[in-house]
Each structure stands twice: as C-alpha cells, then as structure tokens.
Amino acid sequence: MQPTRTVDEKQADASVRTVRRRAPLIGGIVAVVTAALLGFVIMGRFEGLPFAVDEQWAEEVFAMRGPVGDLFAYFMNALGGGVVGVFVIPVSTAVALLILRRPWAALYFIAASAASAGVVQVLKSAFGRARPEDMIVVSDFGSFPSGHVANAATIAVAVGVIVPRLWVWVLGALYTVLMAISRTYLGAHWFSDTVGGALVGVGVALVLWAIFAVPLERERLDWIDRVAARNAERAQAHVTPPRVPRVPRVPRVPRE
C-alpha cells in the first residue's frame, strides 16, 4: 500500500509534469540551424571572406590593443578553451553539482558541454573558414564558428537553467559577450564567427534542456525542499529558549 501523498507533493508533481519543453526545443533547433545557414552564406557567397561588419569590428578592437587588453584577452583565451575550458570547468562543475546532490544537473551540464563542442567541430570541418591574418595567439584550423564563444554560451544557458535566477542569466550573457570581444581582439575570429559560436552554444544548451527538463525540474524542487528544511532546522537550533518567569517568593510566616 502506497503512503498517502501530501498536498505539497501533489502540487510539485503537477508542476514537474507541466514543464514546457516545446519552446526551448524549437528555439534551440532554430539557433543551431541559423548558425549552419550563416556558415553556408559565408562560404558559399563570400568564399570565407569577411563581411563589412567583420572588417570594421576588427579595426575597432585592434585599435584597443595594449598591455591591459592583452592580459584580459589572454586570460579569456585560457579560460574558454584548451584543458581548462574543455575539461577542468565542466568536470569541476559536475563534481560540485554531485556534492550538492544534483546528479541530473551534473549530467545535463556535461552533456551540453560535450554536445556543443562536438557541433562546433563538425561545423569547423564542414566550412573550413580561414582565420584572420592578424591573429596573435596560436589556434587550430577553422574560424567558423568560435568554439570559445560556443562554450561560453553553453555554460551561460546551462548554469541559468540549473540556477534560474535573473542575476545568473545576466552574468552568463556578460561572460559570453566578453568572450566574443576577446576572440576578435586576439584576431582569432571574425565577428561573424562569434555570432555563429553563440548560436551554437545557446542552441545546443536549449535542446539538451528540453531533453532533461522533467528530471531537472523534479530535482530542483527536491533540492529547494531540502535547503528549506535544513535552514528551518538551523533556525530552530539557534532559537533562544523563552525565559521562565520567576515567581515571587512569599515570605514565610513564623509559626507561633
């Protein structure tokens, strides 16, 4: 015989079942397809040559090159790619989520990061766009789309899904924009490459969100309940016991 479920548990299950997955699924597919179409336009119509906005943007960011800008751009280059961006950040984030008892969130983050990197490599191999000539870092072949920006956009969306707070989304968007600026500053990518990378990163994270939506939402609600219960226990443990009012002593009357 199954135990009787409380009203809160029934409402939580109803909330999980009504999670809307169609919007992120469609939005994610549209974003990835748009990135692919942009690549076809670049390579088909312009033979990989930059757009006018690419050249104008490159002139603007190259004019800002200096010691401070170089330090920032090299830091972002190490943060968004290589061993740090591809392995250290995803694995450490997944471990942290496992410690917080959010295995579905950890699986979603790892899957989104791996899928985003895979889509980027497929598109790089398919289009083979040459990188700008003024590049001041060493990088692999294939300029479109930007893998660093795709990774940043994937992280931004995935963390925003796991921790749905406005400030998290704002910081994620800012991180993605700064990564895009740093890639063009270093001459590793054209502006249109960063746009394609952002579309891939956002699109893949949204598609994976649609796939993992139900277990992610159930896990999130359970985690909120655990945190609320733990905070209540801590608050109760720190409550000062009420003072017992002192009863005034009645003086004894000596017996005669």
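Everything numeric here is computed off the predicted structure, so don't read it as measured data. (Residues numbered from 1 in each chain as written. Predicted model: local features only at pLDDT ≥ 70, side-chain atom pairs only at ≥ 80, totals over all residues. Heavy atoms only, no water.)

### Considering the overall build of the protein chain
- Of the regular secondary structure elements, the protein chain holds nine helices and zero strands.
- Residues counted as buried form 38% of the 256 residues belonging to the protein chain.
- Sequence-distant contacts, at least 24 apart, represent 78% of the contacts inside the protein chain between residues at least 6 apart.
- Working note: accessible area of the protein chain is about 15900 Å², and carbon and sulfur atoms make up 67% of it. (Helix = DSSP H or I, 4+ residues; strand = E, 2+ residues; numbered from the N terminus. Buried < 20%, exposed > 50% of the residue type's maximum accessible area, 1.4 Å probe, protein only. Contact = heavy atoms within 4.5 Å. Areas by Shrake-Rupley, 256 points an atom, 1.4 Å probe, with all protein chains shown as cover.)

### So, the pattern of salt bridges
- According to the stated counting rule, one finds four salt bridges in the structure shown.
- Of the charged contacts, one joins R129 and D54 as a salt bridge, the two residues approaching to 3.5 Å between their closest N and O atoms. Of this pair, R129 sits in the loop between α6 (103-127) and α7 (147-162) while D54 sits in helix α3 (residues 52-62), and the two are 75 residues apart along the sequence.
- By relative accessible area, which is 0% here, R129 ends up buried.
- D193 serves as the salt-bridge partner of R129, at 2.7 Å between the closest nitrogen and oxygen. Of this pair, R129 sits in the loop between α6 and α7 while D193 sits in helix α9 (residues 191-237), and the two are 64 residues apart along the sequence. (Salt bridge = Lys/Arg side-chain N within 4 Å of Asp/Glu carboxyl O.)

### Topic: the confidence of the model for the protein chain
- This prediction gives the protein chain a mean pLDDT of 86; 85% of its residues lie at or above 70.
- In the model, residues 1-5 has pLDDT below 50 throughout and makes two contacts with residues more than four positions away in sequence or in other chains.
- Scored below 50 in pLDDT, residues 7-15 shows five contacts in the model against residues more than four places distant or in partner chains. (pLDDT = per-residue confidence, 0-100.)

### A few points about the side chain of E219
- Here E219 is to be found in helix α9.
- Setting aside its immediate chain neighbours within four residues, E219 contacts R101, R102, P103, W104 and A105.

### Observations regarding the packing of α3 against helix α8 (residues 166-185)
- Interaxial distance between α3 and α8 falls to 9 Å at its minimum, and their mutual angle equals 85 degrees. As the angle between them shows, α3 and α8 are arranged roughly perpendicular. In contact with W57, V61 and F62 of α3, α8 contributes I181, T184 and Y185.
- The residue makeup of the contact of α3 with α8, split by class, is five nonpolar, one polar and no charged. (Axes fitted to C-alpha atoms, helices over the stretch in contact; angles between N-to-C directions. Parallel < 35°, antiparallel > 145°, perpendicular 65-115°, else oblique. Nonpolar A, V, L, I, M, F, W, Y, C, P; charged D, E, K, R; others polar.)

### Points about the packing of aromatic side chains
- Considering all chains together, one arrives at five aromatic pairs under this definition.
- For the ring pair F40 and F127, a centre distance of 5.1 Å and an interplane angle of 90 degrees mean the geometry is edge-to-face. Linking F40 in helix α2 (residues 22-45) with F127 in helix α6, this pair joins segments that are 87 residues apart in sequence.
- Classification of F127 as buried rests on a relative accessible area of 10%.
- Ring geometry for W57 against F191: centres 5.5 Å apart, planes inclined by 50 degrees, an arrangement best described as tilted. (Phe/Tyr/Trp six-rings, centres within 6.5 Å; stacked < 30°, edge-to-face > 60°.)

### Describing unusual backbone geometry
- A cis geometry characterises the amide bond from F144 onward to P145, with omega recorded as -5 degrees.
- Take P145: it is sitting in the loop between α6 and α7.
- Of note in this structure, R101 is not a glycine but carries a positive phi near 65 degrees.
- Counting through the fold element by element, R101 comes out in the loop between α5 (82-99) and α6.
- Owing to a relative accessible area of 55%, R101 belongs among the exposed residues under this scheme.

### Notes on the nonpolar core
- Membership of the largest hydrophobic core comes to 30 residues, with the highest contact counts inside it found for Y108 and V200.
- Listing elements by their share of this core, those giving two or more residues are α2, α5, α6, α7 and α9.
- For this core, the element with the highest residue contribution is α6, accounting for eight residues.
- Ignoring anything within four residues of it in the chain, the contact list for Y108 reads V157, A158, V161, I162, A205, L208, W209, F212 and L216. (Core = buried A, V, L, I, M, F, W, Y, C linked by side-chain atoms within 4.5 Å.)

### Description of the side chain of T194
- Here T194 is to be found in helix α9.
- The exposure class of T194 is buried, given its relative accessible area of 5%.
- If we skip the residues at most four places from it in the chain, T194 touches S146, V149, A180, R183, T184 and H189.

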